[in-house]
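# Coordinates in review
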Amino acid sequence: METERCQPTRRTARLRGTVRRVCIPLLAAAGLVVSCGEPRYAVSELTCSPEGWGGADTLVLAADSLPAAGGYRLCFDLRTSATRPYPYRGLMLGVRVELADTAWTDTVSCSLAAAAGDPSGSGVSVYQYEFPLDTLQLGGRPALRVRLYHLMRHDPLPGVVDVGAALLPLVP
């Protein structure tokens, strides 16, 4: 005897689409936040367009108040797509730090792939990378602004899903 397969109704199909579009990204983001383990302060994220990270897209991290004065590590987070791969083994990043009455600019070279070309980030459909940029001694109410931008010739950079920055307290 042959069994009949149930065909999904429009409502069921619409519900599945909603689950895929809304719930899965929310659960993935919650998993990233929970899995980090370290408290993060002054988090800033920039979601890139489907074409990639544009040269005019600058990530700005601002910190006007922190829970305590002390040492903080400035980190840069990057996520690249496995379905639309990032075409290079590295990324050149420009960093502009403005703290109270001083400012400085630096460049950072981020390695994203091993010598064989395999991505060095963790993940399956999206590769996650974290790069420490600098260690800062900050007061409880700093006037900190950090601007991050890519220095690559390819514009926009394909395969970059989003970029982020955060301050993490140094453990004594």
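Residues numbered from 1 in each chain as written. Predicted model: local features only at pLDDT ≥ 70, side-chain atom pairs only at ≥ 80, totals over all residues. Heavy atoms only, no water.

## As for the overall build of the protein
From N to C terminus, the protein includes one helix and eight strands. In sequence order, the protein lays out its α and β elements as α-β-β-β-β-β-β-β-β. Looking at the protein as a whole, 31% of its 172 residues qualify as buried. Contacts in the protein between residues at least 24 apart in sequence constitute 77% of all its contacts with a sequence separation of at least 6. Taken as a whole, the protein presents about 10,900 Å² of accessible surface, with 55% of it coming from carbon and sulfur. (Helix = DSSP H or I, 4+ residues; strand = E, 2+ residues; numbered from the N terminus. Buried < 20%, exposed > 50% of the residue type's maximum accessible area, 1.4 Å probe, protein only. Contact = heavy atoms within 4.5 Å. Areas by Shrake-Rupley, 256 points an atom, 1.4 Å probe, with all protein chains shown as cover.)

## Side note on the sheet that holds strand 2 (residues 59-63)
The sheet built from four strands is open, its strands ordered 2-7-4-5 with antiparallel pairing. Of all strands in the sheet, those with a lone pairing partner are strand 2 and strand 5 (102-111), marking the two edges. Pairs of neighbouring strands in the sheet enclose a mean axial angle of 20 degrees, with direction left out of account. Here strand 4 (residues 90-99) pairs with strand 5 via 10 bridges, running antiparallel. Within the sheet, the bridge partner assigned to Glu 98 lies in strand 5 and is Ala 103. (Pairing = 2+ DSSP bridges. Axes fitted to C-alpha atoms, helices over the stretch in contact; angles between N-to-C directions.)

## Topic: the pattern of salt bridges
The final tally for this structure, using the stated rule, is four salt bridges. A salt bridge links Arg 145 to Asp 64; the nearest nitrogen and oxygen atoms lie 3.1 Å apart. Of this pair, Arg 145 sits in strand 7 (residues 144-150) while Asp 64 is found in the loop between strand 2 and strand 3 (70-81), placing the two residues 81 residues apart along the sequence. (Salt bridge = Lys/Arg side-chain N within 4 Å of Asp/Glu carboxyl O.)

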